[in-house]
Amino acid sequence: MNNDRRPGGEVYDWFRRGSAMLAQGNAGAAVQLLSHALEAEPGSRAIREALARAQFEARAYQAALENFRAVALADPSDDYAQFGWGLAAARLGDFESSAEHLALAVAMRPQAKHYRAALRQTRATLKARAGGFGTVGGARQPDAEPGHGPSVDPEH
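Residues numbered from 1 in each chain as written. Predicted model: local features only at pLDDT ≥ 70, side-chain atom pairs only at ≥ 80, totals over all residues. Heavy atoms only, no water.

*Asks:* Describe the overall build of the protein, listing the residues and the values that go with them.
*Replies:* If you tally the helices and strands in the protein, you get seven helices and zero strands. For the protein, the proportion of contacts with a sequence separation of at least 24, taken over those separated by at least 6, is 41%. Accessible area of the protein: about 9400 Å², with a carbon and sulfur share of 50%. (Helix = DSSP H or I, 4+ residues; strand = E, 2+ residues; numbered from the N terminus. Contact = heavy atoms within 4.5 Å. Areas by Shrake-Rupley, 256 points an atom, 1.4 Å probe, with all protein chains shown as cover.)

Okay, structure coming up:
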């Protein structure tokens, strides 16, 4: 580290090392390096996305959401940024926003099973919070008839 608390090397080195640390499961160290890289190159979507991923893995969900949002706003067709925005929103308890951005990611890349799974989970959470899965403990509603309860569609 230099006297100004910046790591040695150039921005690209910080990006590469930070990305490698993230891949090795060291999200906290990756956040540090990638934050320096983003400070030096604030317009880099690649650095911002890598930082958002590291922040998400480090459980800094609000910071991750802000960076995924910045990438998605710079390029609304970036399915991964929409996906990350949706996951971070879900971790923060904003399932309405999560569903919106996960649905965009799925629409852009329908073959991505993990996108679809995340969207199903968010929609299931929204439905459960709205009372769509019945009552706790399996008690039946007084007017419910056998076989006439809400159906659970795994795709919605």
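From this point, the narrative continues.
*Asks:* I'd love a proper account of helix α4 (residues 61–74), names of residues and values included.
*Replies:* Given a rise of 1.5 Å per residue, 14 residues ought to cover 20 Å, and the 20 Å separating the end C-alpha atoms of α4 matches this to within 8%. Of the residues making up α4, those classed as buried are Y61, A64, L65, N67, F68, V71 and A72. Where the residues of α4 are buried, they touch α2 (27–40), α3 (45–57) and α5 (79–91). (Expected span 1.5 Å × (residues − 1). Buried < 20%, exposed > 50% of the residue type's maximum accessible area, 1.4 Å probe, protein only.)

*Asks:* Talk me through the side chain of Q55; I want residue IDs and the actual numbers.
*Replies:* Inspection of the secondary structure puts Q55 in helix α3. With sequence-adjacent residues up to four places away left out, Q55 is seen in contact with V31, A60, A63, A64 and N67.

*Asks:* Could you give an account of the packing of α3 against α5, with specific residues and numbers?
*Replies:* A pair of packed helices is captured by two measures, namely the crossing angle of their axes and the spacing between those axes. α5 packs onto α3 with a crossing angle of 25° between their chain directions and a minimal axis gap of 11 Å. If you check the angle between α3 and α5, you find them roughly parallel. The handedness of the crossing between α3 and α5 comes out as left-handed. For the pair α3 and α5, the contacting residues are E49, R53 and F56 in the first and Y80, L87, A88 and R91 in the second. Of the residues assigned to the contact of α3 with α5, the class counts are four nonpolar, no polar and three charged. (Axes fitted to C-alpha atoms, helices over the stretch in contact; angles between N-to-C directions. Parallel < 35°, antiparallel > 145°, perpendicular 65-115°, else oblique. Left-handed = near helix turned anticlockwise from the far one by under 90°. Nonpolar A, V, L, I, M, F, W, Y, C, P; charged D, E, K, R; others polar.)

*Asks:* Account for the packing of aromatic side chains, with residues named and values stated.
*Replies:* Inspection of the entire model under this criterion finds five aromatic pairs. With centroids separated by 4.4 Å and ring planes inclined at 20°, the aromatic side chains of F83 and Y115 adopt a geometry described as stacked. With F83 in helix α5 and Y115 in helix α7 (residues 113–129), the pair connects residues that are 32 residues apart, well separated along the chain. A residue is classified by how much of its surface remains accessible, and F83, at 7% relative accessible area, is buried. Lying over the aromatic face of Y115, R109 brings its terminal NZ or CZ to 5.4 Å of the ring centre. (Phe/Tyr/Trp six-rings, centres within 6.5 Å; stacked < 30°, edge-to-face > 60°. Lys NZ or Arg CZ within 6 Å of the ring centre and 35° of its normal.)

*Asks:* Explain the nonpolar core residue by residue, including any values.
*Replies:* Formed by 14 residues in total, the largest nonpolar core has its most connected members in L34 and A54. Of all elements in the fold, only α1 (11–23), α2 and α3 reach the threshold of two or more residues within this core. Excluding its chain neighbours within four sequence positions, the residues that come into contact with A54 are L22, A27, A30, V31 and L34. (Core = buried A, V, L, I, M, F, W, Y, C linked by side-chain atoms within 4.5 Å.)

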